[in-house]
Amino acid sequence: MNKPSVLVTRRWPAAVEAQLAKDYNATFNTSDVPLATLQMREAMKRYDAVLPTVTDKLDADVLEVGKPQAKIIGNYSVGYSHICESSARKSGMTVTNTPDVLSECTADIAMTLMLMVARRAGEGEREVREGRWTGWRPTHLVGTKVSGKTLGIIGYGRIGQEMAKRAHHGFGMRVVVQNRSRIAPEVLAQCSATQVDTVEDLLPRCDFVSLHCPGGAANRHLINSRRLDLMKEDAFLINTARGEVVDEWALTQALMFNTIGGAALDVFDGEPCIAPDLMQCENLVMLPHLGSATREAREAMGFRVLDNLADFFAGRDPRDQVI
């Protein structure tokens, strides 16, 4: 019996690639460079399954290829806003994601960013590395206390809840959440969280605001100039969700004119390209999309894709089917 053919669009952890090679007729993108649209389009015609990451834009030009050979897209991430849902449905494709397994590590990065921007750690490290540090003094790089402050979380899914646990139980923070649906009282009670109806209700109340909502067109520029104006002038914005959720021009203005205390980003609109003006903001911490970048999480994500493929090719509904 012939094994299904699969294309892996980027390098994955070695243990996962080894299992893919064992179970499938697998082709790996050994260059680890994102594939061009034409290459992705051809892949839909040649392989039984395509396994993309967030670096791959699967729009109508890629997915609508007449009668594609690919019947499943095993997406290596939780978010799938880079995949055109209507085109996937039109082409009869199943799409899966990798929830649960990266929630803790992504929340860890969000906490890292919050602490870094509050305590001006990015500025401090640059100063030390550049040889500009002249020694301890009482007024040097004075930051903001985190413990006991109010954290606003926009998007209270798995990652948002993990963030709340760290903040509330670890730092004694008060938690306010905004979510597109009502959160069960027992879930809110785990971190003594309060749910508000709108983003506008949340922003003025919080010392820190952490974004954990989906990306895509519906949430593009969810945080814009009008909403940034609602934040306290000493409040901080943290984004580990998707780059398009924040209007980066508006954020740059808020940072340059000090209408908010600072920001910390792990994701960017149009990454890996970074808006030049953002690079000039000293009160901004930036990481290169490290949310799930632990060995444990990245391997678990890959094996979750394998679980979904096994279900699909055995005629079962994949556990993580999203389309």
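Below, the structure is looked at part by part. Given the structure is predicted, the values throughout are model-derived calculations rather than measurements.

## Topic: the pattern of salt bridges
What the rule picks out here adds up to 23 salt bridges. Residue Glu-85 pairs with Arg-89 through a salt bridge whose shortest N-O separation is 2.7 Å. In this pair, Glu-85 and Arg-89 are both assigned in helix 4 (residues 85–90), four residues apart and thus about one turn of the helix distant. Here Arg-227 ties to Glu-200 by a salt bridge, and the two come within 2.8 Å at their closest N and O atoms. On the criterion of sequence distance, the pair formed by Arg-227 in helix 10 (residues 225–228) and Glu-200 in helix 9 (residues 199–202) is long-range, its members being 27 residues apart. For Arg-227, a relative accessible area of 14% translates into the label buried. Of the residues examined, Glu-200 reaches a relative accessible area of 24% and is grouped as partly exposed.

## Overview of the side chain of Ser-210
Assignment of secondary structure puts Ser-210 in strand 9 (residues 208–211). Of the polar contacts made by the side chain of Ser-210, one reaches the side chain of His-212; its length is 2.7 Å. If sequence neighbours within four positions are ignored, Ser-210 has contacts with Ala-110, Leu-151, Gly-152, Ile-153, Ile-154, Met-163 and Ile-238.

## With respect to the pairing of strand 9
What you see with strand 9 is no split at all: Phe-208 and Ser-210 on one side and Val-209 and Leu-211 on the other are buried throughout. Where strand 6 (residues 150–154) lies against strand 9, four bridges are found, and the strand directions are parallel. Considered in strand 9, the bridge of Leu-151 is made with Phe-208. Two strands pair when backbone bridges link them, and strand 9 and strand 10 (residues 236–239) are joined in this way by four bridges, in the parallel orientation. Following the sheet pairing, Ser-210 is matched in strand 10 by Ile-238.

## So, the pairing of strand 11 (residues 262–265)
Side chains Gly-262 and Ala-264 project from strand 11 onto one buried face, and the interleaved Ala-263 and Leu-265 project onto a second face that is buried too. The sheet contact formed by strand 10 and strand 11 spans four bridges and is parallel. Residue Phe-236 lies in a different strand from strand 11, and its bridge partner there is Gly-262. After leaving strand 10, the chain enters helix 11 (residues 248–256) and then returns to the sheet as strand 11, a path that is right-handed. One ladder, built from three bridges, connects strand 11 with strand 12 (residues 284–286); its direction is parallel. Paired with Ala-263 across the strands is Leu-284, a residue of strand 12.

## A look at the sheet that holds strand 12
Taking strand neighbours across the sheet as the criterion, the seven strands line up as 8-7-6-9-10-11-12 in an open arrangement whose pairing is parallel. Both edges of this open sheet fall to strand 8 (194–196) and strand 12, since each of them pairs with a single strand only. Strand-to-strand twist in this sheet, taken as the mean axis angle between neighbours without regard to direction, amounts to 20 degrees. Across the sheet, helix 5 (residues 103–118) lies against strand 6, strand 9, strand 10, strand 11 and strand 12, angled at about 150 degrees from strand 10, the strand it touches most. Along the sheet, helix 7 (residues 158–171) makes contact with strand 6, strand 7 (174–178) and strand 9, crossing strand 6 at roughly 175 degrees.

Thresholds applied
Residues numbered from 1 in each chain as written. Predicted model: local features only at pLDDT ≥ 70, side-chain atom pairs only at ≥ 80, totals over all residues. Heavy atoms only, no water. Salt bridge = Lys/Arg side-chain N within 4 Å of Asp/Glu carboxyl O. Helix = DSSP H or I, 4+ residues; strand = E, 2+ residues; numbered from the N terminus. Buried < 20%, exposed > 50% of the residue type's maximum accessible area, 1.4 Å probe, protein only. Polar contact = N/O pair within 3.5 Å; in protein donor to acceptor, adjacent residues only side chain to side chain. Contact = heavy atoms within 4.5 Å. Pairing = 2+ DSSP bridges. Right-handed = clockwise from strand over helix to strand, strands pointing away. Axes fitted to C-alpha atoms, helices over the stretch in contact; angles between N-to-C directions.

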